Protein chains: 2
Amino acid sequence: MTTSLPARSVRKRNAIMSAGRQLFLTHGYRGTSVDQIAAAAEVSKQTVYKHFTDKRELLLAIVTEVLDGAVTPFLDQVSDLAQTSHLERDLARLAGSYLRSVLDASVVQLRRLVIGEANALPELAEMYYQRAPARTLRAFADIFEVLDARGLLRIVQPGLAARQFAFLVVGHAIDEALFYGGPRTLADLDVDEHVRAAIRTFFAAYRPIPEP
Amino acid sequence: MTTSLPARSVRKRNAIMSAGRQLFLTHGYRGTSVDQIAAAAEVSKQTVYKHFTDKRELLLAIVTEVLDGAVTPFLDQVSDLAQTSHLERDLARLAGSYLRSVLDASVVQLRRLVIGEANALPELAEMYYQRAPARTLRAFADIFEVLDARGLLRIVQPGLAARQFAFLVVGHAIDEALFYGGPRTLADLDVDEHVRAAIRTFFAAYRPIPEP
């Protein structure tokens, strides 16, 4: 049995992506050369350039893949909230998984890398922002509109409510993690208690007072 | 008249700090060499090393100076709130100046630089976090305790209230600015409206209901 060329080619591309991801997240974009990536992926430098125009293209492909893998499943969780029969409990679950996912060690490393290169690679920074925070905020805004229509929340400006909810939940943690790293911030945090406090404040502003 | 040596020395040190600051913020830490700093400061490389052990020491001195210059005056504003006779107005002013100061172009550039180097220079990241966000959050917590004692707010956990206030005010803006830069985020933002909305949500959770 011979391996077909396309399958070999896909395997090599995956090896390059995986080696690039590991090296970029550990040594940064500028601290990593195409030679090192080729060596770690056990392919020739030529093969790297057959798949990716340059190091920048490879980084863009890696960031796209990591974000789509992390953000898309989360957005499904957000839209599931439309059918909630217990808003407080389900919103707390969602918030807990949001907080844990933004504190994931690789997600924080990727954020650091993109932010550190934002001057040199503004198109990478913009792509990251649009594919991760902006999509997440839009999903929150959409679900808050649904929950307002169901009478479970009282939301006049869904975009504003989305931003306030998001940063009540992850604001401080994500800020600290950029400096101290995801694992340390997560270790110091009581996720359930933090989420309960965030939701308490959010509900104080956005939950309709039940009619007597 | 001859210039005394200490004064000349101070001048040279200032020239090195100023050249280093400008170069680091524009080209990053790794993108800047001691040779370039010496040339921009119009001193010899030897003179740079007379004042600073190495490039890392110079960066630490610059970050300390920038942060102390930006944070200390703001903390004075925070403690002035103890005497407020109009909490909503004065808290809005404070929040507006907080938001504008974190979106200052150089402050955002410095944040990007420190975050981008957080893997390589964790002591720099920790120093930044302690001197800027951590000090600011402590100042908010202290003032909220005072305002609770005065009966103007109802604060059980001052640290938690401080984090929620801070990230309601600056959370989304600072996150976006890390990707898009301070000036663009500030240009897209209606500071007064944003601050009013943040305070509305904060008051919903923390302002005592007036007795009838």
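About the criteria used
- Residues numbered from 1 in each chain as written.
- Chains lettered and ligands numbered in written order.
- Predicted model: local features only at pLDDT ≥ 70, side-chain atom pairs only at ≥ 80, totals over all residues.
- Heavy atoms only, no water.
- Contact = heavy atoms within 4.5 Å.
- Buried area = accessible area lost by both parts, 1.4 Å probe.
- Salt bridge = Lys/Arg side-chain N within 4 Å of Asp/Glu carboxyl O.
- Helix = DSSP H or I, 4+ residues; strand = E, 2+ residues; numbered from the N terminus.
- Nonpolar A, V, L, I, M, F, W, Y, C, P; charged D, E, K, R; others polar.
- Expected span 1.5 Å × (residues − 1).
- Phe/Tyr/Trp six-rings, centres within 6.5 Å; stacked < 30°, edge-to-face > 60°.
- Lys NZ or Arg CZ within 6 Å of the ring centre and 35° of its normal.
- Bend = angle between axes of the 7 residues up to and from the residue.
- Buried < 20%, exposed > 50% of the residue type's maximum accessible area, 1.4 Å probe, protein only.

J.: Please explain the interface of chain A and chain B as it appears in this structure.
T.: It is common to give the size of an interface as the accessible area that goes away when the parts come together. The partner chain B presents 41 residues to the 41 residues of chain A that form the contact. Summing the contributions of chain A and of chain B, the shared interface buries around 3,500 Å²; its carbon and sulfur component is 58%. Per-residue buried area on chain A facing chain B is highest for Tyr-129, Phe-167 and Phe-179 of chain A; these three make up 20% of the total on that side. Seen at the junction of chain A and chain B, the total is two salt bridges. The salt bridge partner of Asp-175 of chain B is Arg-111 of chain A, with a shortest N-O separation of 2.8 Å. Elements supplying a minimum of two residues to the side of chain A that touches chain B: helix H1 (5–27), helix H6 (105–116), helix H7 (122–149), helix H8 (158–180) and helix H10 (191–206) of chain A. The element that contributes the greatest number of residues to the side of chain A that touches chain B is H8 of chain A, accounting for 12 residues. Its residues assigned to classes, the side of chain A that touches chain B shows 20 nonpolar, 11 polar and 10 charged.

J.: Would you take a moment to explain helix H10 (residues 191–206) of chain B for this structure?
T.: In an α-helix, one turn spans 3.6 residues; hence positions three or four apart end up facing the same way. Under the 1.5 Å per step criterion, the end-to-end length of H10 of chain B is 22 Å for 16 residues, consistent within 8% with the ideal 22 Å. Considering only its buried residues, H10 of chain B is in contact with H8 and H10 of chain A together with helix H5 (87–102), helix H7 (122–149), helix H8 (158–180) and helix H9 (182–187) of chain B.

J.: Could you clarify how one ought to interpret unusual backbone geometry in this entry?
T.: A negative phi holds for most residues other than glycine; trans holds for most peptide bonds. For Glu-42 of chain A, which is not glycine, the phi torsion reads 55° and is therefore positive. For Glu-42 of chain A, the position within the fold is in the loop between helix H2 (34–41) and helix H3 (45–51).

J.: Help me understand the packing of aromatic side chains in this model?
T.: In this description, an aromatic ring pair is defined by two values, namely the gap between the centres and the angle between the planes. Summed over the entire model, instances satisfying the criterion amount to 26 aromatic pairs over all chains. Consider the rings of Phe-24 of chain B and Tyr-29 of chain B, whose centres lie 5.7 Å apart with planes at 45°: the pair is tilted. Here the aromatic residues Phe-74, Tyr-98, Phe-140, Phe-144, Phe-165, Phe-202 and Tyr-206 of chain A are joined through ring pairs into a cluster of three or more. Here the guanidinium or amino end of Lys-55 of chain B rests over the ring plane of Tyr-29 of chain B, the centre of that ring lying 4.4 Å away. When the ring centre of Phe-203 of chain B is taken as reference, the NZ or CZ atom of Arg-207 of chain B above it lies at 4.5 Å.

J.: Any chance you could explain helix H4 (residues 55–80) of chain A here in plain terms?
T.: For H4 of chain A, with 26 residues, the first-to-last C-alpha span of 38 Å sits near the 38 Å given by 1.5 Å per residue. At Asp-68 of chain A, H4 of chain A is deflected by roughly 25°, the largest bend along its length.

J.: Is there a simple way to explain the pattern of salt bridges in this structure?
T.: All names here are of chain A. Tallied over the full model, the rule gives 18 salt bridges over all chains. Ionic pairing is found between Asp-68 and Arg-135, a salt bridge with its closest N-O pair at 3.6 Å. With a gap of 67 residues between them, Asp-68 in helix H4 and Arg-135 in helix H7 connect regions that are remote in the sequence. With relative accessibility at 23%, the residue Arg-135 sits in the partly exposed group. Among the ionic pairs, Arg-93 bridges to Asp-90, the shortest N-O distance being 4.0 Å. Placement of the pair is Arg-93 and Asp-90 together in helix H5 (residues 87–102), with a separation of three residues, close to one helical turn. A relative accessible area of 57% means that Arg-93 is categorised as exposed.

Everything listed here is a matter of coordinates, which is why it stays silent on function.
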